[in-house]
Amino acid sequence: LYKKIKRWIKENKQSIMDIFEKHRNKPYPKHVAFIMDGNGRWAKELEQERSYGHMMGAVHLVEIITDCFRNGTQFLTFFVFAEQNWKRPPEEIKRIFEILYKKIKILDMEIDYCNFRILVQGRLDRVPKKLRTILERVQEKTKDKEKTVIIALDYSGRQEIIRACKRIMASKSDITQDTMQNHMYVKNIPDPDLIIRTGGEKRISDFLLWQLCNSELYFTDVYWPDFDIVEFKKAIADYQSRERRYGNISRC
Ligand code: FPP
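Please read all numbers here as calculations on a predicted model, not as lab measurements.

J.: Could you give an account of the pattern of salt bridges, with specific residues and numbers?
T.: Inspection of every chain in the model, using the stated rule, returns 19 salt bridges. Across the pair Lys143 and Glu140 runs a salt bridge whose closest N-O atoms are separated by 2.9 Å. By relative accessible area, which is 45% here, Lys143 ends up partly exposed. Across the pair Glu201 and Arg203 runs a salt bridge, and its minimum N-O distance is 3.6 Å. According to the relative accessible area criterion, Glu201 is partly exposed, its value standing at 25%. Where salt bridges share partners, they join Asp193, Glu216, Asp238, Arg242 and Arg244 into one cluster.

Structural data, given as structure tokens:
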């Protein structure tokens, strides 16, 4: 295995260096959001259970989070569980919640070293009580940290919009961009600059429907468990090569 890794680095060294070089002086997006797709197919190719893919999908998170916060990104959102995912077999749902619980437990135990706050975007009332309790606790414990990791859990973009409209109507206010913004699950968070979807599908799947108005979209065929720091740097380089116009004319 050691020889294999050494050969891989030797063969890929130039392209890795190119990626790092290309965006050395350009800023990272302020907010990056991830649709982490392809865990099941990744596991199937290895003749493993789908849950193995979810477990391995949590492996690269630390290096991606660390890289982002070191390079100027302030907000990260991970689509961990969609409202639509309730259609999956109960055993798989249980495993996803267990994996998330274990990751959050580690964070909770090492909370003094955690340099970001955790926010949940979505519903906590339908997830297992143990998970709900620990998420409420880490949200409270990390609330004063500067950087932010958002966990989209039991989340639906459409439901978020409906919920916001209902709340605004109940308060007898006008429905405006500002009031909508103030009634989203998480407040005072800038819209994502970049949304990355792994796993080959080119769709949004009910994710951040309100917030993605001006987001850049990046789709890759790479399955989420294979989406390591090199793949992430490729996504960043691609983002940095784009011209963001927000409806304005091209500067070229
Ligand atoms: C989509 O792949 C992935 C999910 C529904 C679950 C994502 C959850 C994790 C990676 C667990 C840990 C997360 C954190 C933030 C600690 P899929 O099952 O739809 O894959 P497929 O399209 O190949 O079937």
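J.: Tell me what's going on with the pairing of strand S5 (residues 194-197), and back it up with residues and numbers.
T.: Here S5 shows a buried face lined by Leu194 and Ile196 and a second buried face lined by Ile195 and Arg197. The sheet contact formed by strand S1 (residues 31-35) and S5 spans four bridges and is parallel. Paired with Val32 across the strands is Leu194, a residue of S5. Taken together, the four bridges between S5 and strand S6 (residues 216-219) define a ladder with parallel strand orientation. What sits directly across from Arg197, in S6, is Phe219.

J.: Quick one: what's the story with the sheet that holds strand S4 (residues 147-155), residue by residue and with numbers?
T.: The strand order across the open sheet formed by six strands is S3-S4-S2-S1-S5-S6, and the pairing between neighbours is parallel. Looking at which strands have only one partner, the edges of the open sheet turn out to be strand S3 (116-122) and S6. With strand direction ignored, the average angle separating the axes of adjacent strands in the sheet is 20°. Of the strands in this sheet, S1, S5 and S6 touch helix H9 (residues 229-240), which is tilted by about 140° from S5.

Conventions used here
Residues numbered from 1 in each chain as written. Predicted model: local features only at pLDDT ≥ 70, side-chain atom pairs only at ≥ 80, totals over all residues. Heavy atoms only, no water. Salt bridge = Lys/Arg side-chain N within 4 Å of Asp/Glu carboxyl O. Buried < 20%, exposed > 50% of the residue type's maximum accessible area, 1.4 Å probe, protein only. Helix = DSSP H or I, 4+ residues; strand = E, 2+ residues; numbered from the N terminus. Pairing = 2+ DSSP bridges. Axes fitted to C-alpha atoms, helices over the stretch in contact; angles between N-to-C directions. Contact = heavy atoms within 4.5 Å.

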